[in-house]
Amino acid sequence: MSPRGRRALAAGPRGGAVLPGAGGSRAGLPGVGLPGSGAVRADALSRGAGLPEPPPTRTIVLWCPDWPVIAAARAAGAPPEQPFALIAKGLVFASSASARQVGVVRGLRVREAQARCTDLVTQPYDDALDHRAFEPVIRAIEAAAPGVEVLRPGTIALRARGPARYHGGERAAATILAGIAADHGAPGVRAGVADTPFAAEQAARARPTRPGERVRMVPVGGSGSFLAPLPLGVLGDPDLAMVLGRLGLTTLGDFAALTDEQVRDRFGVPGAFLHRLAGGRDPREVSARDVPPDLEVQASFEPPLDRADQIAFAFRRSADEFAAKLRAAGLVATTIRVGIVDERDVLLERVWAHPRWFDAADVVDRVRWQLAGGVDPTGLEAPVTTVVLEPVAVDDLANHERGLWGSGPDERVHHGLARVQGMVGHDGVVTPRIGGGRTLAERIVLVPWGDAPAGGERALAVVRDRPWPGKLPGPPPATVLERPRPVDVVAADGGSVDVDDRGTLTGEPERFRSDGDRGGRFSAVTAWAGPWPLVVRWWESGGRRLHRLQLVDDDGRAWYLVLADHRWWAEAIAT
């Protein structure tokens, strides 16, 4: 065989090398993904082997403009015309149309946004709220056209073939689906139809060509031409757009004009993927989501019930149904939401967390505690008509199965504390946390067992890490007394030690008595330090000036003392 023939056999399409062991042949090379072959090898794509373009999958994308703002404004009760912005990491994440008219755009700092719009309402961005509010829209679309893929809250995609056949065309199908989304809480929905999901989404986001246009159609095979004039920013990669801009490439058409080899050699596999998007060759297909099971349970009472114990007993069957649904789905609930509606149509809603996971008895306890909170346990402010229960956070049941040799001490502790809490009430079992404050008593935060601190652990950490001038430096003492104990500190002459106007001790501590209100023997002071002044709420009329003192008695115990109104009090002990 001639050298030229050997070179021809060693080169694949476009000059790519044939991979050893790929199962390819000289005639068809099926091992690198030609029609009729199996899955394409990832290393074939990274090495530059020629791949045929997949057949286009006509796609419908529905897009609701400003969906995060719409969901948050509804939850906050803000009027639609109010300038509204969502904040994430100190920057504007999304803004309403009225806010954008005065210059409040995505990526702007909060202070700059508030300076541009003085009546701007800001809220932190809540991803969970975003998804939860969009769920009814998704379910309504799935009821009309199964196979919905959620790209993000406010944007969904589905294959066009089935709905187009049923409704008599792609435009008619997209129009009907957009109307269904609008009827279920997604106003102003626009639709795009194209050969690929990326092109269809850009068509939905494109400026309407005529007033009132809700559906933008891209002809078959025209995705590349439609995408060509769009800016590089729609790819979502600012770094790539900046580099290409320096090279004089500003549109998707400029980027798509480069060869696959040039892009892959310079920008790697991620850049090659974006290059295919820019050229209308999106390799992705619409993948329908797994429809989540309906885990919500609801109990209605006719006539309405006006006693907490009656409601809790009547709701037990619904709690068992809730636990059974979770088991059937292979899940456990670690956080639940309980909503109680009375005959005045007033909704009392609360989210409950659990250190382990909720069973039916735990759910009934939370319902009873929520009913009895702040009122007489024997009655309610108004008779209750409905109780709604839904999971907020779930986990795989396999992560909470019993071990081979039993549940272990942690599981027994959880179970025991939960039983005690069920008998004594929600606030009867608490766990201590270290919070923020200047005095030791202020730094103690008691949280009911199973609950998170107010605002969450992150909020507690933020408060704890504040400067707090005058606080006791670490490490903190081992024992903080629930109530300060009166003590006596005397000098060598037998007189009580005090602090004068200049903040110095009137005498050197010589002896110390820990039971100052009941007498008892004095102990010798072996070491002491202080005093340190502490002014509490100096701006109020009831503000106080305190002094701290630390001393060690002859038993080796270290005492943390506070002088208030010329009287010494023990707040903590370190042994």
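Residues numbered from 1 in each chain as written. Predicted model: local features only at pLDDT ≥ 70, side-chain atom pairs only at ≥ 80, totals over all residues. Heavy atoms only, no water.

A.B. asks: Is there a simple way to explain the layout of surface pockets in this structure?
C.D. replies: Picture a little ball the size of a water molecule; that probe, rolled over the atoms, points out where space is still empty. In this structure, the largest pocket occupies an estimated 1000 Å³ of space. Lining the largest pocket are 26 residues, with Arg132, Glu135, Glu390, Pro391 and Val392 positioned closest to its centre. Sorting the residues of the lining of the largest pocket by element identifies helix H6 (127-144), strand E10 (331-342) and strand E12 (384-396) as the ones contributing at least two each. Tallying contributions element by element places H6 first for the lining of the largest pocket, with nine residues. Of the residues belonging to the lining of the largest pocket, the class tally is 16 nonpolar, one polar and nine charged. Approximately 690 Å³ is the volume found for the second largest pocket. Taken together, 21 residues make up the lining of the second largest pocket; nearest its centre are Trp63, Phe93, Ala94, Arg106 and Arg205. In the lining of the second largest pocket, the residues fall into 11 nonpolar, three polar and seven charged. (1 Å grid on protein atoms, 1.4 Å probe; cavity = no way out; pocket = protein on both sides within 12 Å on 5 of 7 lines; lining within 4 Å. Points joined across faces, edges and corners; volume = space filled by probe spheres on them. Helix = DSSP H or I, 4+ residues; strand = E, 2+ residues; numbered from the N terminus. Nonpolar A, V, L, I, M, F, W, Y, C, P; charged D, E, K, R; others polar.)

A.B. asks: What is the right way to look at helix H3 (residues 67-76) in this model?
C.D. replies: Residue pairs spaced three or four apart in an α-helix point in one direction, given the helix's 3.6 residues per turn. Taken across its 10 residues, H3 has seven buried, putting it largely inside the fold. Looking at the buried side of H3, the elements it contacts are strand E2 (84-88), strand E3 (91-95) and H6. Following H3 by one or two positions, Gly77 has its phi on the positive side, about 75 degrees. (Buried < 20%, exposed > 50% of the residue type's maximum accessible area, 1.4 Å probe, protein only. Contact = heavy atoms within 4.5 Å.)

A.B. asks: Please explain the sheet that holds strand E9 (residues 297-305) as it appears in this structure.
C.D. replies: In any sheet, the strands associate via hydrogen bonds between backbone groups, in a parallel or an antiparallel arrangement. Taken together, four strands build an open sheet; the order of strands is E9-E12-E10-E11 and the sheet is antiparallel. What marks the edges here is a single partner per strand, and that holds for E9 and strand E11 (347-353). Shown here is a sheet whose adjacent strand axes are inclined to one another by a mean of 20 degrees, direction ignored. Where E10 and E11 come together, seven bridges link them in antiparallel fashion. (Pairing = 2+ DSSP bridges. Axes fitted to C-alpha atoms, helices over the stretch in contact; angles between N-to-C directions.)

A.B. asks: Help me out: how do you make sense of the packing of helix H11 (residues 238-246) against helix H13 (residues 260-278) in this one?
C.D. replies: For any two helices packed against each other, the geometry comes down to the angle between their axes and how far apart the axes lie. The interhelical angle for the contact between H11 and H13, taken along N-to-C directions, is 105 degrees, at an axis separation of 12 Å. Relative to H13, H11 is oriented roughly perpendicular. Facing H11, whose interface residues are Leu240, Val243 and Leu244, H13 presents Arg266, Phe267 and Leu274. (Parallel < 35°, antiparallel > 145°, perpendicular 65-115°, else oblique.)

A.B. asks: Even after reading the chapter, I still don't get the nonpolar core, so can you show me in this structure?
C.D. replies: Side chains of nonpolar character tend, in soluble globular proteins, to be buried together. Membership of the largest hydrophobic core comes to 29 residues, with the highest contact counts inside it found for Phe315, Phe322, Ile336, Val338, Val363, Val387 and Leu389. Among the elements that make up this core, the one with the highest residue count is helix H16 (residues 360-372) (six residues). If near-sequence neighbours (up to four positions away) are discounted, Val387 is found in contact with Val297, Gln298, Ala299, Phe301, Ile311, Phe315, Val338, Gly339 and Ile340. (Core = buried A, V, L, I, M, F, W, Y, C linked by side-chain atoms within 4.5 Å.)

A.B. asks: What is the right way to look at the packing of aromatic side chains in this model?
C.D. replies: Note on aromatic pairs: each is described by the distance of the centres and the angle between the planes. Within this structure, the stated rule accounts for four aromatic pairs. Judged by centre distance (6.2 Å) and plane angle (55 degrees), the ring pair of Trp352 and Trp369 falls under tilted. Of the two residues, Trp352 is situated in strand E11 and Trp369 in helix H16; the sequence distance between them amounts to 17 residues. You can call Trp369 buried: its relative accessible area is 11%. Taking the centre distance of 5.1 Å and the plane angle of 50 degrees together, the rings of Phe512 and Trp559 count as tilted. Here Phe512 is found in strand E17 (residues 511-513), whereas its partner Trp559 is found in strand E20 (residues 558-564), with 47 residues between them in sequence. Trp559 sits in the buried class, given a relative accessible area of 2%. Just above the ring of Trp352 sits the side chain of Arg350; from NZ or CZ to the centre is 3.8 Å. (Phe/Tyr/Trp six-rings, centres within 6.5 Å; stacked < 30°, edge-to-face > 60°. Lys NZ or Arg CZ within 6 Å of the ring centre and 35° of its normal.)

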